[in-house]
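Each chain is listed here by its residues.
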Amino acid sequence: MEEPRETFSTSEGHGGEIVVETHVVESTESASHVHLACSRQHCAFPLDGDALCVWSTQDPSHQPLILRGHHRPVTAVAFGNAHPLLLCSASRDRVMMWNLGECREKMLDGQPPRGTVLHTLLGEVLCLRLSPDDRVAAVCAGERILMLDTELKQVCGLSGFSGFETSVWLWDGCSHLGPGASCRQREARVPRPGVLPFPLAQGVQFSQSRRALVELGRHRGPVTAAEFCPWQTHVIISASADRSFKVWDRRKGSLIHSSSVLTASSLLSLVLDPGSQQLVAGSADGQLWVFSLAEGHHYRCVTRVDLRKQRDTFSTRKLSSCPEDSRLPPTKEEVEETLPVLSLAPCECELNASCLWIGSSAGLFIFNLANFELEAVLHFKEFGSLSIQVAGSCAMMSRPCGRKAFCLLSALFGKKIALLEVDLAALLRSQPRPGMGARLSVLPSSGVLPTSPLYFGPIEETSAKLAPQKRSAARAIVKDQPLVFHSKVASSGYTAAPRVTMFSPKTNVQNDGKRPSKCKNSYRCKDYPLESPLPSKLSRQLAVSHDQAAVHCVQYSAGDGQRLACGLANHLSLVFSADLTGTPAVFSGHSGAVSTVCWSHDGRWLLSASQDGTLRVWSARRQELALCLGKDMFPRPVRSAQFYYLDAFILLSSGPEFQLLKCHISTGKDDVRRYKQKSRCTPVLKLPTTEAVEVTSLSAVNEFYSYLVLAAGRNRTLEVFDLNAGRSAALLAGVHSRPIHQICQNKGSSFATQHPQAYHLFATTATGDGVKLWDMRTLRCERRFEGHPNRCHPCGIAWSPCGRYVACGAEDRHAYLYETSSSTFSRRLAGHSDTVMAVAFSPSAVQLATATLDGKLQLFQVEGC
């Protein structure tokens, strides 16, 4: 055989310190559609068709290792996972195993490296994978998934025969491959070298036993990828050009799960993440599918991601961070470019999340498995000196330290193969990071400034306390004066001694020494159980109105959680007991649907906002109106309203601005001017959004002192205001694909104790775009929840008092509970008769209230309660 033309070169670093092209070789045959292999120490690829080239990723100056033994073009390569390091290669004529340590020793001794033939004539092999212990190889030959025993036994080197016949032991199976793999042995006659079914090559060894071969099953198209499950080594997952994946049990030789057709194009790549126990599949049309493999999740789909759309969103964010004079609009070619997912690999980087490398024809991407967004993009075209601009195949591997990564590329058009070294830290630093440098904190780190609008609170509070004392003193002087001219006036009885005999306390009641509880149920006065199971049992369902008016919002009383307020579409606000028993208190007065209800921190007042443009504050005990603010004060309807700064202010949004009002609320009335309310309201601050768009949602903490206010805009922005400074502190663009309809902060509860850093978390939701979990300190989306259908209605969300769960409504007549450490839902609560519009956790008990579009309330509690 003619010696291959090996043209190796080491090039200079391209693109500064981000990418370095360490090796480049041009082969005589293209390897554009071959599965390449990359490990932490080596990378391997076909050279000149039937040879293998192994490069060292630790030392670029190390001499390459050339392995020869195939007579047909190599179509798949895979590294082992154990020690010593093994390399498996496949072609149409044979599957071979190479011990790289022994091969390198033979090369240094001047001898040709030798490999071992495991099996022959299996057809075109598109993918190879070795089990975690390297005992089994998964061979994807055509539509078949084959399990091949790779344990090396005593071998004899055969470089030719001397004219005699010999015996070859054939094994039909092995115990660790699965059932039906019996250890039958039969003798076969091997003919002389001239009549072998395949030609012998120098450096080829044949073991005395051919490896046991077991067929797991078949797909309806060529099998393109396969992966062993790291946490269940007996499970193997395969993907095919038939656009589906299958889960197999190789020990039992059975099919566990078969997916439906996922997309219009072939599936090309698979990867499994042990941390989140998720499977990610990539297709030729640039789609990523994420499935949960956790126990009890039944291979449910977590999300689907369009790589091209994610790339465009990332590019837009990067473009907005550049100066206006340096911005260039994307060309038509870039917009219409397809991004096939050629390969997937784990990415160990400095980000505090599970990430993946995505290899595509146009570049490399770092994908975050927690928020399903791109963290970094590396386009080959941006580095014009790279030898390969469009890739046909690629393989990636990150170093354990998370600082370096290696990418092996083969050209789509041409015969070049290159090895790239990527500086992960430099790559991540070069990417746009929204909110960097803000350093915001929900917990105040300093006192209120004298120039702050919040400084007005204590001054007004003092004057408000002194004014009633002066008026009471003046009234006392008036009462001492005679009201008639007579010297004696008949007593009206108000000054007589009270009749205490009629209302004498009971003294014969036996007391067991326990302090009486004000709560109806004693368990509600205990601390909130942080490790309690989730509420999953539907304990009560109640129709709140006869006309099936939709319930738009629900909220438990903040102090004790003993009352539940809800706002209806029929202009009413109702207050129920926490267990939904008894007759509700009715608050009527609005002429439009009630969109917001909010309790004061002390539980004395109930605030409601309506589509009629008014805001009302009610006395929760007397069920009467205490304050009404109408259209004369707000130019546009109030979208969001709440108590703020421990009930010192009322915070609301109207049009493109939000307002801070200082209110003195009182239910007392003058005997002469009964029509005039004693409650008064003073505007303290009006702040418009930076881009002057309508505020769709507003949120601030009222449970403790905090200076930050979150506002969502109609243009899909999220803005953070610092009221201590009286200005905008940060602005995030393109937070969701649609405008945010609710912002929900982790406010905790007086019955539960959380870590102080947990209060920096908040969630946002938008119709059709799921729920996003954010960290106020970094203003980064840390996680994303998309397992619930929400395409039309503004379904609400809520935090649990322990801060571990987020509940949300959905349009499939279910409520979903997500754990903040997982991207898929933990519980799916059934029992609803329509779309779940609002959810609320009780601050004092493990229970969840839900409200539906047909006007019903549901109460969920823990099983056994």
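Undergrad: Can you help me understand the overall build of the chain in this one?
TA: The number of helices and strands found in the chain is five helices and 63 strands. A buried classification covers 52% of the 865 residues belonging to the chain. Within the chain, contacts between residues separated by at least 24 positions form 54% of all contacts whose residues are at least 6 apart in sequence. Accessible surface for the chain amounts to roughly 40,000 Å². Of this, 50% is attributable to carbon and sulfur atoms.

Undergrad: Looking at this structure, how should I read the pattern of salt bridges?
TA: Opposite charge on two side chains permits them to pair, given that their charged atoms come into close proximity. Under the counting rule described, the total for this entry stands at 19 salt bridges. In this structure, lysine 404 and aspartate 423 form a salt bridge, with 3.7 Å as the shortest nitrogen-oxygen distance. Taken as a pair, lysine 404 in strand β34 (residues 404-411) and aspartate 423 in strand β35 (residues 416-423) lie far apart in primary sequence, 19 residues in all. What makes lysine 404 partly exposed here is its relative accessible area of 28%. The class for aspartate 423 is buried, based on a relative accessible area of 15%. Aspartate 812 is paired through a salt bridge with arginine 828; the nearest N and O atoms lie 3.3 Å apart. Of this pair, aspartate 812 sits in the loop between β58 (805-809) and β59 (815-819) while arginine 828 sits in strand β60 (residues 825-829); the two residues are 16 residues apart in sequence, bridging distant segments of the chain. Aspartate 812 gets classed as partly exposed once you look at its relative accessible area, which sits at 23%.

Undergrad: Whenever I open this one, the packing of aromatic side chains confuses me. Can you help?
TA: The description of two aromatic rings rests on the distance between their centres and on the angle between their planes. Tallied over the entire structure, the rule returns 13 aromatic pairs. A centroid spacing of 4.6 Å and a plane angle of 20 degrees characterise the contact between phenylalanine 785 and tyrosine 818, whose relative ring orientation is stacked. In this pair, phenylalanine 785 is assigned in strand β56 (residues 780-785) and tyrosine 818 in strand β59, connecting sequence segments 33 residues apart. Across the pair, exposure class does not vary: phenylalanine 785 and tyrosine 818 are buried alike. Both rings, one in tyrosine 816 and one in phenylalanine 825, keep their centres 5.1 Å apart while their planes meet at 80 degrees; by these two values the pair is edge-to-face. Of the two residues, tyrosine 816 and phenylalanine 825, neither departs from the other in class, the shared state being buried. Ring-pair connections join several aromatic residues into one group, and the members of that group are Tyr644, Tyr645, Phe649 and Tyr705. The ring of phenylalanine 825 has arginine 300 sitting right over it, with the charged end atom 3.7 Å from the ring centre.

Undergrad: I'm lost on the sheet that holds β60 in this one. Help?
TA: Strand pairing in a sheet takes place through backbone hydrogen bonds and is either antiparallel or parallel in direction. In space, the four strands of this open sheet follow the order β57-β58-β59-β60, with antiparallel pairing throughout. Strands at the two margins of the open sheet, each flanked by one partner only, are β57 (797-799) and β60. When the angles between neighbouring strand axes are averaged without regard to direction, this sheet yields 20 degrees.

Undergrad: Please clarify how unusual backbone geometry should be interpreted in this entry.
TA: Comment: phi is negative for the bulk of residues other than glycine, and the bulk of peptide bonds are trans. Here the amide bond leading from histidine 83 into proline 84 is cis, since omega sits at 5 degrees, within 30 degrees of zero. A positive phi angle, close to 60 degrees, is found at tyrosine 645, a residue other than glycine. Residue placement: tyrosine 645 occurs in the loop between β45 (638-644) and β46 (649-654). Owing to a relative accessible area of 9%, tyrosine 645 belongs among the buried residues under this scheme.

Undergrad: How should the confidence of the model for the chain be read in this particular structure?
TA: When pLDDT is averaged across the chain, the result is 82; 79% of the residues are at 70 or more. Segment residues 1-15 is flagged for pLDDT under 50; beyond a separation of four residues in sequence, or across chains, it makes 36 contacts in the model. Confidence over residues 470-524 falls short of pLDDT 50; this stretch has 18 contacts with residues more than four positions distant or in other chains.

Undergrad: What's the story with the pairing of strand β25 (residues 267-273) in this structure? I'm lost.
TA: Regular strands place their side chains on alternate faces of the sheet. The buried fraction of β25 is high, at six of seven residues. Hairpin connection of β25 to strand β26 (residues 278-283): four residues between the antiparallel strands, including glutamine 277 at a positive phi of 50 degrees.

Undergrad: Help me understand the sheet that holds strand β28 (residues 301-306) in this model?
TA: Across the sheet, four strands lie side by side as β25-β26-β27-β28; this open sheet has antiparallel pairing. Two strands lie at the open edges of the sheet, namely β25 and β28, each paired on one side alone. This sheet shows a mean twist of 15 degrees between the axes of neighbouring strands, independent of strand direction. Of the pairings in the sheet, the one linking strand β27 (residues 287-292) to β28 comprises five bridges and is antiparallel in character. What sits directly across from glutamine 287, in β28, is aspartate 306.

Undergrad: Just checking my understanding: could you explain helix α1 (residues 100-108) for this structure?
TA: Turn by turn, an α-helix covers 3.6 residues, leaving residues three or four places apart pointing in a common direction. Taken together, the buried positions of α1 are Leu100, Cys103 and Arg104. Seen end-on, α1 carries its buried residues on one side only, within an arc spanning 95 degrees. Against β5 (42-47), β6 (51-56), β7 (65-68), β8 (74-79), β9 (86-91) and β10 (94-99) lie the buried residues of α1. N-capping of α1 is provided by asparagine 99, with a side-chain oxygen placed 3.2 Å from the backbone N of glycine 101.

Undergrad: Would you mind showing me how to read the side chain of aspartate 48 here?
TA: Its location among the elements puts aspartate 48 in the loop between β5 and β6. A polar atom in the side chain of aspartate 48 sits 2.7 Å from the backbone nitrogen of threonine 28.

Undergrad: Help me understand the environment of lysine 381 in this model?
TA: With respect to the helices and strands, lysine 381 occurs in the loop between β32 (374-379) and β33 (391-398). When the C-alpha positions of lysine 381 and glycine 363 are compared, they lie 8.1 Å apart, and in sequence the two are 18 residues distant. Those residues within four positions of lysine 381 in sequence are excluded, and the remaining contacts are Glu337 and Gln389.

Undergrad: I'm lost on the pairing of β59 in this one. Help?
TA: The buried fraction of β59 is high, at four of five residues. Bridge analysis of β58 against β59 gives five bridges, and the strand direction is antiparallel. Looking at β59, one finds that tyrosine 805 is bridged to glutamate 819. From the end of β58 to the start of β59, which pair antiparallel, there are five residues, and arginine 813 there has a positive phi angle of about 65 degrees. As paired elements, β59 and β60 share four bridges and run antiparallel to each other. Its bridge partner being in β60, alanine 815 is matched across the sheet by leucine 829. The antiparallel hairpin formed by β59 and β60 contains five residues in its connecting segment.

Procedures and definitions
Residues numbered from 1 in each chain as written. Predicted model: local features only at pLDDT ≥ 70, side-chain atom pairs only at ≥ 80, totals over all residues. Heavy atoms only, no water. Helix = DSSP H or I, 4+ residues; strand = E, 2+ residues; numbered from the N terminus. Buried < 20%, exposed > 50% of the residue type's maximum accessible area, 1.4 Å probe, protein only. Contact = heavy atoms within 4.5 Å. Areas by Shrake-Rupley, 256 points an atom, 1.4 Å probe, with all protein chains shown as cover. Salt bridge = Lys/Arg side-chain N within 4 Å of Asp/Glu carboxyl O. Phe/Tyr/Trp six-rings, centres within 6.5 Å; stacked < 30°, edge-to-face > 60°. Lys NZ or Arg CZ within 6 Å of the ring centre and 35° of its normal. Pairing = 2+ DSSP bridges. Axes fitted to C-alpha atoms, helices over the stretch in contact; angles between N-to-C directions. pLDDT = per-residue confidence, 0-100. Arc of directions from axis to C-beta. Polar contact = N/O pair within 3.5 Å; in protein donor to acceptor, adjacent residues only side chain to side chain.

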